[in-house]
Amino acid sequence: MKIIHLYTNSFKGLSRESWMLALVMLINRAGSMVLPFLGVYMTDHLKFSIENTGIVLSFFGIGSVIGSWLGGYITDKIGEYKVQYISLLLSVPLFCLIPVFKTEIGVATIILFQSIISDAFRPANSVAITKYAKPENITRAFSLNRMAVNLGFSIGPALGGILSAISYEFLFFSNALAALLAGILYIIFFRKRNKIAKLKAKKVKEAVEIKKENSPYRDGKFLIYCFFCMLFSICFFQLFSTLTIFYKDTAKQSQQNIGYILGYSGFLIVLLEMGFVQIAEKYFNLAVTMLLGTFICGFSYAMMAFDYSMITLVISMTLLCIGEIWTLPFMSTITALRSGKNNKGAYMGLNGISFSVAFIVTPYLGTLIAEKFGFNVLWVGTGILATIIAIAFYFIVPWLIKDKKELEIEG
């Protein structure tokens, strides 16, 4: 009963806008079948080599870097509302164009443009979460949004594994349809609310002198923090590139089974995230939470170097989900705490760039190490690097946020 009470309490106090942002994200990510299967699509369907596949996937990361910077910059200029719906609607035709291209250069080019447009959405969405959530509920609002992402991600890859066995084109068209529906729903719900929020913000500006705030690109402490976020992302985001190749080529899993494992991860996060975040808020501070989450993620990869039976793969994915829950939403909270009132978009954009750089490095570096030295070396190396990052986070977070009251997430 205590567990049930803790779980239900984790949802209390969240605004209607937070729930709607999560619903929009759910619809959008329900079609997220493309990314986990891009590597398999290129090696299996287009017959690209593993090394060339890694290079092409790196263009997704390049686009993500550009999109994160652009989205953060534009959000502070025109507001998160316009950036989000423009990103969603422009993604529709780009998803539909991906199967038209068959060469490495063509696929890399369309993935680059699609990634720029799609990832401009992320910093704007993060700003919207902080905008509509109460200060004491920011982490849970981010977690609710991530829960929606993972619920969609549990549906998408599971369905994607089935559809890709029939035709890969279904994956791209499904993503396009989901982005269109998400964009329409977002506009309908937030159009009036955005106007009201702009009027309130205008009154505040007229009543209070706006203090000029520093750029995050000149914030040395935050740049160091983002560097370690990037290193963590290089470890974690193998989930979207090398891990699926490992499942298929080394663990000899079918595309359907790969989809089921990825779908299981999304379902597990939906089931556990809000409760585990509530536990972290109640019993840990930010530094301890980041330490535990990062270490568990690394361990989940390292264990696959010693066994890759189906049971081990499921246990590894379970641990990866728990580590993810205790890392990613709290990274966003730390960024929100570090930023000011008028530069949240820039801070969220810079933190997003740290994740996006990983999308450039991870596919190429991961596939290169796997091809030259084998997956066992890759997984052990990932575990060692994640352990170093976990220790670094433990010391960096208190240094980044000096106020002791900010070190503890209120329950």
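Basis of the calculations
- Residues numbered from 1 in each chain as written.
- Predicted model: local features only at pLDDT ≥ 70, side-chain atom pairs only at ≥ 80, totals over all residues.
- Heavy atoms only, no water.
- Helix = DSSP H or I, 4+ residues; strand = E, 2+ residues; numbered from the N terminus.
- Buried < 20%, exposed > 50% of the residue type's maximum accessible area, 1.4 Å probe, protein only.
- Contact = heavy atoms within 4.5 Å.
- Phe/Tyr/Trp six-rings, centres within 6.5 Å; stacked < 30°, edge-to-face > 60°.
- Disulfide = S-S within 2.5 Å.
- Polar contact = N/O pair within 3.5 Å; in protein donor to acceptor, adjacent residues only side chain to side chain.
- Axes fitted to C-alpha atoms, helices over the stretch in contact; angles between N-to-C directions.
- Left-handed = near helix turned anticlockwise from the far one by under 90°.
- Nonpolar A, V, L, I, M, F, W, Y, C, P; charged D, E, K, R; others polar.
- Patch = residues over 30% accessible without salt bridge, like charges linked within 9 Å, V, L, I, M, F, W, Y side chains within 5 Å.
- Areas by Shrake-Rupley, 256 points an atom, 1.4 Å probe, with all protein chains shown as cover.
- Salt bridge = Lys/Arg side-chain N within 4 Å of Asp/Glu carboxyl O.
- Expected span 1.5 Å × (residues − 1).

A.B. asks: Help me get a handle on the overall build of the protein chain, residues and values and all.
C.D. replies: On a plain count of helices and strands, the protein chain comes out with 18 helices and zero strands. Scored against the burial criterion, the 411 residues of the protein chain give a buried share of 57%. Partitioning the intrachain contacts of the protein chain with sequence separation of at least 6 by distance along the chain shows that 87% fall at a separation of at least 24.

A.B. asks: Explain the packing of aromatic side chains to me, using residue names and the numbers behind them.
C.D. replies: Taken as a whole and assessed by the stated rule, the structure comprises 24 aromatic pairs. Look at Phe-237 and Phe-355: their rings are 6.1 Å apart centre to centre, the planes differ by 55°, and that puts the pair in the tilted class. You can see Phe-237 sitting in the loop between helix 10 (220-236) and helix 11 (242-249) and its partner Phe-355 sitting in helix 16 (residues 344-373), a full 118 residues away along the chain. A single burial state applies to Phe-237 and to Phe-355, both of which are buried. Judged by centre distance (6.3 Å) and plane angle (45°), the ring pair of Phe-246 and Tyr-247 falls under tilted.

A.B. asks: Which residues make up the state of the cysteines, and what values do they have?
C.D. replies: Scanning the entire structure with this criterion turns up zero disulfides. The cysteine Cys-297 is free of any disulfide, with Cys-235 supplying the nearest cysteine sulfur at 8.9 Å. The thiol of Cys-321 is unpaired, and the distance to the nearest cysteine sulfur, on Cys-297, comes to 8.9 Å.

A.B. asks: Please set out the side chain of Ser-339 residue by residue, giving values where relevant.
C.D. replies: Mapped onto the fold, Ser-339 is located in the loop between helix 15 (328-338) and helix 16. Relative accessible area serves as the criterion here: at 12%, Ser-339 is assigned to the buried category. Polar contacts involving the side chain of Ser-339 include one to the side chain of Lys-344, which spans 3.3 Å. Discounting residues that sit within four places of it in the chain, Ser-339 has contacts with Lys-344 and Tyr-347.

A.B. asks: Give me the lowdown on the side chain of Thr-312, citing residues and values where you can.
C.D. replies: When you line up the elements, Thr-312 lands in helix 14 (residues 310-325). The residues contacting Thr-312, other than those within four sequence positions of it, are Met-303 and Asp-307.

A.B. asks: Requested: an account of the packing of helix 13 (residues 286-302) against helix 15, with residues and values cited.
C.D. replies: At a closest axis distance of 10 Å, the pairing of helix 13 and helix 15 adopts a crossing angle of 145°. Once helix 13 is placed against helix 15, the crossing between them reads as left-handed. Across the interface between the two elements, Leu-286, Thr-289 and Met-290 from helix 13 touch Phe-330, Met-331, Ile-334 and Leu-337 from helix 15. Classifying every residue of the contact of helix 13 with helix 15 by side-chain character gives six nonpolar, one polar and no charged.

A.B. asks: Can you break down the environment of Glu-273 residue by residue, with the values?
C.D. replies: Take Glu-273: it is sitting in helix 12 (residues 255-283). With 48 residues separating them in the primary sequence, Glu-273 and Cys-321 have C-alpha atoms 8.8 Å apart. Glu-273 has contacts with Ser-143, Arg-146, Met-147, Asn-150, Ile-325 and Pro-329, leaving out every residue within four places of it along the chain.

A.B. asks: Could you give me a rundown of a nonpolar patch on the surface, with the residues and numbers involved?
C.D. replies: There is a patch of nonpolar side chains on the surface, built from Leu-89, Leu-177, Leu-180, Leu-181, Ile-184 and Ile-188 and spanning about 520 Å² of accessible area. Among the elements that make up the nonpolar patch, the one with the highest residue count is helix 9 (residues 169-207) (five residues). On the secondary structure map, Leu-89 appears in helix 5 (residues 80-97). Classification of Leu-89 by relative accessible area gives partly exposed; the value is 32%.

A.B. asks: Account for the pattern of salt bridges, naming residues and giving values.
C.D. replies: Using the criterion set out here, one finds four salt bridges in the structure. In this structure, Lys-131 engages Glu-80 in a salt bridge whose closest nitrogen and oxygen atoms are separated by 3.0 Å. Taken together, the residues span a long stretch of sequence, with Lys-131 in helix 7 (residues 121-132) and Glu-80 in helix 5 at a distance of 51 residues. Judged by relative accessible area, which is 34%, Lys-131 ranks as partly exposed. Of the charged contacts, one joins Arg-338 and Asp-219 as a salt bridge, the two residues approaching to 2.9 Å between their closest N and O atoms. Note that Arg-338 is positioned in helix 15 and Asp-219 in the loop between helix 9 and helix 10, a separation of 119 residues in sequence. Under the relative-accessibility criterion, Arg-338 is labelled partly exposed at 25%.

A.B. asks: Now, about helix 6 (residues 104-119): what can you tell me, with residues and values included?
C.D. replies: An ideal rise of 1.5 Å per residue puts 22 Å on 16 residues; helix 6 measures up with 22 Å between its terminal C-alpha atoms. Listed in full, the buried residues belonging to helix 6 are Gly-106, Val-107, Ala-108, Ile-110, Ile-111, Leu-112, Gln-114, Ser-115, Ile-116, Ser-118 and Asp-119.

A.B. asks: Explain helix 16 residue by residue, including any values.
C.D. replies: Between the first and last C-alpha of helix 16 there are 42 Å, a value that for 30 residues agrees with the 44 Å anticipated at 1.5 Å per step. Of the residues trailing helix 16, Gly-374 is marked for its positive phi of about 100°.

A.B. asks: If you had to explain the environment of Thr-367 to someone new, which residues and values would you point to?
C.D. replies: Structurally, Thr-367 is set in helix 16. With 314 residues separating them along the chain, Thr-367 and Thr-53 place their C-alpha atoms 8.4 Å apart. Once residues within four sequence positions are removed from consideration, Thr-367 is found in contact with Ile-50, Gly-54, Thr-242, Ile-245 and Thr-362.

A.B. asks: Quick rundown of the environment of Trp-326? Include the residues and the values.
C.D. replies: Here Trp-326 shows up in the loop between helix 14 and helix 15. On the basis of relative accessibility, which here comes to 10%, the residue Trp-326 falls in the buried class. Residues Trp-326 and Ile-296 lie 30 residues apart in sequence; the distance between their C-alpha atoms is 9.1 Å.

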